[in-house]
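So the chains spell out like this:
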Amino acid sequence: MSEGEEAVPAKRPQFGTRFLSNKKNVFEHNAWDNVVWDETQEAEAKAKVQVNSEVLLTTEEIEKLEQEAAGQWDAFYGIHQNRFFKDRNWLFTEFPELAPHLAHTFPQKQNPRDAACPPAPQSQNTALLSDGEVTESEKHRNILETSIERISPPPQSSESSNITDRTSLNSDPCESIAESPHTSQENSATDSFPGKDATLRILEVGCGVGNTVFPILKTNNKEGLFVYCCDFSSIAVDIVKESPDYDTKRCHAFVCDLSSEEWETPFPKGSLDIIVCIFVLSALHPDKYPQVISKMVEYLRPGGLILYRDYGRYDMAQLRFKKGRCLADNFYMRGDGTRCYFITQDEVRELMTQAGLEEVQNLVDRRLQVNRGKQLTMYRVWVQAKYRKPAHP
Ligand SMILES: C[S@@+](CC[C@H](N)C(=O)[O-])C[C@H]1O[C@@H](n2cnc3c(N)ncnc32)[C@H](O)[C@@H]1O
């Protein structure tokens, strides 16, 4: 690609539009969007969770897991290197804010109320499994928990969507991000820092080996972009830095434990436009969430955004845990010693708004994945959200 040319991504097919209206057709496609759960399915999920939460790990075991959390992830990346997670190429469909100038090239469902700037997506947020991004991890983790079970699909309601999108009329994410008013606290930082001259500063927290960071750098090739990323696994951060795609003129990776009271960062407080938090909070003890979110808020500039996606309550992965793996309500230990919390929309809303953020989007994404060869069905649940730091405190 010659200089000045934009990295216009190949158009992804539109997702979120494949609805199962007749359950007899379930094996006709690999996945169905916005699947509606009926009361029986919900009750069965609750019952499974009740059973797998009956036996809790001991306080000592729970404490040990907390102490060894970074070590477990180091061990994980020591084994898998960068071969485990796939690049999250769906990012721009879900979060066009990451490359605002290209937003028009990604399939977005047009919200009739929104005009010029592409709206936050409502129900196309289901490209994930088509990328196989979580599938790989779960092949490893969940197969350890149990073998795949057959679940008969529930009767489908005629409603096409169970997703709640609270994108508000006057809270267009593109608007706030396009004009990046880097001000106040940031200007008071006298020292130079990597990315100081950038016009769009993005931090990914819990970046792993860069499956989110590198797609951002590849897709958004605007000059003003600078991407920071951190993880508490130093092995993961080293892998990011050793990648041929790691360019210190555009990117800076560093080690940071999100649950620590102070973060050591290469940028000042109040300087970030966007913080990406994807499948990360779930790895921490839920008691830590308020502290982590308030830290993120400190580093965002006024008007800056948190982009969030994580495992939702009663996701297949939660239902598959066996007894004896539970640390606390909806919080489990995987076979490799890493942990996973399954959150609800309301919990996300409560946490983010308590931290003083404004809701831009908060939706639950239910998807039915199908293994046609083995005639298996798998119900996935994710929560996706966008929250903004008020422009005027
Ligand atoms: C499921 S991976 C997701 C990686 C990445 N966000 C992505 O989308 O590919 C979760 C990551 O969170 C990191 N992590 C977990 N707890 C953390 C903490 N307290 N501080 C920093 N990173 C943490 C892990 O090391 C791991 O890399």
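Structure: see above.
Let me sum up the structure you'll find in this document. No experiment lies behind these values; they were computed from the predicted model shown.

1. Considering the overall build of the protein
- Within the protein one finds 12 helices and 11 strands.
- Residue burial in the protein is summarised as follows: out of 393 residues, 58% are buried.
- Taking contacts inside the protein between residues at least 6 apart in sequence as the whole, the part at least 24 apart equals 79%.
- Put simply, the protein shows about 17,000 Å² of open surface, and 49% of that area lies on carbon and sulfur atoms.

2. Here's the deal with the site of the ligand
- Around the ligand, the structure places 20 residues, and the nearest of them are Y77, R88, E204, G206 and D231.
- Between an oxygen atom of the ligand and a side-chain N or O atom of R88, the distance comes to 2.4 Å.
- Look at the ligand: alone it shows 600 Å² of surface, and the protein chains cover 98% of it.
- Tallied by class, residues from the shell around the ligand come to 12 nonpolar, four polar and four charged.

3. Here's the deal with the pairing of strand β2 (residues 200-205)
- Counting buried residues in β2 gives six out of six residues, a clear majority hidden from the surface.
- Burial along β2 is two-sided: L200, I202 and E204 and R201, L203 and V205, pointing in opposite directions, are all buried.
- The pairing of β2 with strand β3 (residues 225-231) spans six bridges and is parallel. Within β3, the position partnered with E204 by the bridge is C229.
- Traced from β2 through helix α8 (residues 213-219) to β3, the parallel crossover comes out right-handed.
- As defined by bridge partners, β2 adjoins strand β5 (residues 272-278) across three bridges and the pair is classed as parallel. Bridge pairing links E204 to V276 in β5.

About the criteria used
Residues numbered from 1 in each chain as written. Predicted model: local features only at pLDDT ≥ 70, side-chain atom pairs only at ≥ 80, totals over all residues. Heavy atoms only, no water. Helix = DSSP H or I, 4+ residues; strand = E, 2+ residues; numbered from the N terminus. Buried < 20%, exposed > 50% of the residue type's maximum accessible area, 1.4 Å probe, protein only. Contact = heavy atoms within 4.5 Å. Areas by Shrake-Rupley, 256 points an atom, 1.4 Å probe, with all protein chains shown as cover. Near = heavy atom within 4 Å. Polar contact = N/O pair within 3.5 Å; in protein donor to acceptor, adjacent residues only side chain to side chain. Nonpolar A, V, L, I, M, F, W, Y, C, P; charged D, E, K, R; others polar. Pairing = 2+ DSSP bridges. Right-handed = clockwise from strand over helix to strand, strands pointing away.

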